[in-house]
Amino acid sequence: MPNFSYRGRDASGQMTQGILEGLTSAAVADALMSRGIIPLSINPASEGAKTDGSGSKLADLSKLAIFKQPVQHIDVLMFSKQIYTLLKAGVPIMRALAGLQESSVNPTMKEVLQEVRESLDSGRELSVSLARHPKVFSAFYLSMVRVGEMTGRLEEVFIRLFEHMEFEAFMKQQVKSALRYPSFVIAAMVIAMFIVNIFVIPTFAKVFAGFNTELPLMTRVLLAFSNFMVTWWHLIIGAMVATFFAFRSWAATPSGRLKWDEIKLRLPIAGKILRKATLARFARSFALATRSGVPIIQALTNVALTVDNDFISRKVEGMREGVERGESILQVATKAAVFTPVVLQMLAVGEESGAIDDMMEEIAGMYQNEVEYELKTLAQQIEPILIVMLGCMVLVLALGIFLPIWELGKAAMKH
């Protein structure tokens, strides 16, 4: 029997990994779920790998062929909305899944739904059947479905998941829109600098060579820099490409991702937008989990997987550990040092009144409104900075190129 290496989270939220023997990755996923472990990834183990005796596995459950259309966020979003509508109308789960499979426009999603139906038909629970596809359904999604099964509120869980995913998509799109304009302007300035130094300044250098006089310092610096770029432009571009890929490789490592996610939150202007968007995502996820009956410790564990920022995720993990030690939500939130005083006051009220889920929903709404406002005023905040940068570049070029011509003109007038 082949071995599979797995990575997942147990009931207490701790990360666990190991090697498990099984016929298929799906069989290993079932074994993990039966032990209360939510599989995050399952992959075939390397040759000679030994099982860990616990029967765990690392499998990429929904390993899709390279040329297959991947399941997108919108596919899972629409699935959540449609399954809620069908279940609310009293349609049996098997018939509902069959209808969604037929109506799905994504071939890969059709295959996933077919496998989920087959798994249900063999006697497995819905959460276990969905867990066989961890690349499609996140650990948070699976945890919520499991809560819906245990409490008999599956319909309610699906509509809340739909609202949550819709909110997630909105926030990500808004943040991307916020960063698009400054990125394009900076890219245009870099391209313009290359064109000027490689094509424009060398033309003026030929003119300056006929002056037979010492050029101003600014001009000499510009000519030297232009000559360097003309000579070594291929190495400069190669170094920039190498730096880009080196940065991506570093950011893909656990320590690099953690550090970069922390740096992103400290960036001028964009950092505060990213922080508020991430905290809005955290608050909405936590409100959804607690309102659905998930214990606070498990809710914090699941929410840590959804914030899409390793630095904030580490803070949430710290909050969970504090709650396990008997501290209050307000105490652990204060120690996390990522919430504003207003939010901490709202948490205090929510904890005292027993309506922490309502307060978290209010916090999410407040952060969302702040992000929307920041995005609307983003252009006004960034434009002065970009104008100053562009002005400095134009000033240096103008002084370097036109100063010697101006001095030559003054010398000619004297004679």
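Conventions and cut-offs
Residues numbered from 1 in each chain as written. Predicted model: local features only at pLDDT ≥ 70, side-chain atom pairs only at ≥ 80, totals over all residues. Heavy atoms only, no water. Buried < 20%, exposed > 50% of the residue type's maximum accessible area, 1.4 Å probe, protein only. Helix = DSSP H or I, 4+ residues; strand = E, 2+ residues; numbered from the N terminus. Pairing = 2+ DSSP bridges. Axes fitted to C-alpha atoms, helices over the stretch in contact; angles between N-to-C directions. Parallel < 35°, antiparallel > 145°, perpendicular 65-115°, else oblique. Left-handed = near helix turned anticlockwise from the far one by under 90°. Contact = heavy atoms within 4.5 Å. Phe/Tyr/Trp six-rings, centres within 6.5 Å; stacked < 30°, edge-to-face > 60°. Nonpolar A, V, L, I, M, F, W, Y, C, P; charged D, E, K, R; others polar.

A. Structural view of the pairing of strand β1 (residues 3-9). The buried fraction of β1 is high, at 6 of 7 residues. Taken together, the 7 bridges between β1 and strand β2 (residues 15-21) define a ladder with antiparallel strand orientation. Bridge pairing in β2 places Arg-9 opposite Met-15.

B. Region of the structure containing the packing of helix α3 (residues 93-103) against helix α4 (residues 107-121). Where α3 contacts α4, the axes come no closer than 9 Å and their chain directions differ by 165°. Here α3 lies roughly antiparallel to α4, going by the angle between them. The crossing of α3 and α4 is left-handed. Facing Ile-93, Met-94, Leu-97, Ala-98, Leu-100, Gln-101, Glu-102 and Ser-103 of α3, the residues of α4 in contact are Lys-110, Leu-113, Gln-114, Val-116, Arg-117, Leu-120 and Asp-121.

C. A look at the packing of aromatic side chains. Applying the stated criterion across every chain yields a total of 9 aromatic pairs. With a centroid separation of 5.3 Å and an interplanar angle of 40°, the aromatic rings of Phe-137 and Tyr-141 are classed as tilted. Side by side, Phe-137 and Tyr-141 carry an identical accessibility label, which is buried. Members of the aromatic cluster, each reached through a chain of ring pairs, are Phe-79, Phe-137, Tyr-141 and Phe-158.

D. Representation of the packing of helix α14 (residues 341-353) against helix α15 (residues 356-376) in the model. Two numbers describe how α14 lies on α15: the axes approach to 8 Å, and their chain directions differ by 160°. The orientation of α14 with respect to α15, classified from their angle, is roughly antiparallel. In this structure, α14 crosses over α15, and the sense of that crossing is right-handed. Contacts between α14 and α15 involve Val-342, Val-343, Met-346, Leu-347, Val-349, Gly-350 and Glu-351 on the former and, on the latter, Ile-356, Met-359, Met-360, Glu-362, Ile-363, Met-366 and Tyr-367. Split by residue class, the contact of α14 with α15 holds 11 nonpolar, 1 polar and 2 charged.

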